[in-house]
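Analysis of the macromolecular model
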Amino acid sequence: MSRWYIIHAYSGFENKVRDSIQSEAKRLQLEPYVEQIEVPTETITEVKRGKKVQTERKFMPGYVLAKLEMTDQVYHLVKNTPKVTGFLGPNGKPQAIADAQAARMLDTKEEAAAHGAKQKISVDYEIGDAVKVLDGPFATFNGTVEELDFDRGRVKVSVSIFGRATPVELEFEQVERVK
């Protein structure tokens, strides 16, 4: 019976480890025992140069999830894969995790659709940074970030209008950090 295991790999080589295990399983005709191998990722929305950009980011750098039927051959296949340091578990012994826990880590597309998953947003400025307004009625004004509202995708910027500091609420992509 296949169970989920967490494989510890060199950070940055997760996709290479996944591909190596799959191709080696095929070569050794162990495919029936290696059901699924996934690198947990999440989609985040970043604001770069005033534009929203969606990127995939590894949710658990250095780890690969694998649904395996653990036999001696499968254990040695995974353990001898380049860039793999071992399994997550006591003393490096493979310890299976619950299917529900694996589903949460993978945040599968079906699960995300069912929950209406919120995307994470990241911006390249923070509270106190000097920013320039890119568009709208305050375009070309410079100001200072006072608040970040990630739920609504808005930023409150204090701009100087007629010599007075005035708070203005804008969309994340309407401002960029002054270098």
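All values reported here derive from a predicted model rather than from experimental measurement.

Cut-offs used in this document
Residues numbered from 1 in each chain as written. Predicted model: local features only at pLDDT ≥ 70, side-chain atom pairs only at ≥ 80, totals over all residues. Heavy atoms only, no water. Pairing = 2+ DSSP bridges. Helix = DSSP H or I, 4+ residues; strand = E, 2+ residues; numbered from the N terminus. Axes fitted to C-alpha atoms, helices over the stretch in contact; angles between N-to-C directions. Contact = heavy atoms within 4.5 Å. Buried < 20%, exposed > 50% of the residue type's maximum accessible area, 1.4 Å probe, protein only. Arc of directions from axis to C-beta. pLDDT = per-residue confidence, 0-100.

Sheet topology note: the strand 9 (residues 142–149)/strand 10 (residues 154–161) ladder contains six bridges and is antiparallel. Residue pairing in the sheet places Thr144 in a bridge with Ser158 of strand 10. Here strand 9 folds back onto strand 10 in antiparallel fashion, the turn holding four residues, of which Gly153 has a positive phi close to 70°. Two strands pair when backbone bridges link them, and strand 10 and strand 11 (residues 164–171) are joined in this way by eight bridges, in the antiparallel orientation. From the neighbouring strand, Lys156 faces strand 11, where its bridge partner is Glu169. Where strand 10 folds back onto strand 11 in an antiparallel hairpin, the turn is made up of two residues, including Phe162, whose phi is positive at roughly 55°.

Attention shifts here to the sheet that holds strand 1 (residues 3–9). Within the open sheet, the four strands sit side by side as 2-5-1-6. Their pairing is antiparallel. Two strands close off the open sheet at either side, each with one partner strand: strand 2 (34–38) and strand 6 (84–87). Across the sheet, the axes of successive neighbouring strands diverge by a mean angle of 30°, strand direction being ignored. With six bridges joining them, strand 1 and strand 5 (residues 63–68) adopt antiparallel strand pairing. Looking at strand 5, one finds that Tyr5 is bridged to Ala66. Running over the sheet, helix 1 (residues 14–27) touches strand 1, strand 2, strand 5 and strand 6 and is turned about 165° from strand 2. Against the sheet, helix 3 (residues 99–106) contacts strand 1, strand 2 and strand 5, and its axis sits at roughly 50° relative to strand 1.

Now for helix 2 (residues 72–79). Within helix 2, the full set of buried residues consists of Val74, Leu77 and Val78. An end-on view of helix 2 places all buried positions within 90° of arc, on one side of the element. Structurally, helix 2 contributes buried residues whose contacts are with strand 1, helix 1, strand 2, strand 5 and strand 6.

It is worth spelling out the confidence of the model for the protein at this point. Chain-level statistics for the protein give a pLDDT mean of 86 and a share of 92% at 70 or above. Per-element confidence in the protein is highest for helix 1, whose mean pLDDT is 95, and lowest for helix 4 (residues 109–115), whose mean pLDDT is 46. The model gives residues 109–117 a pLDDT under 50, and that stretch makes four contacts with residues more than four places away or in other chains.

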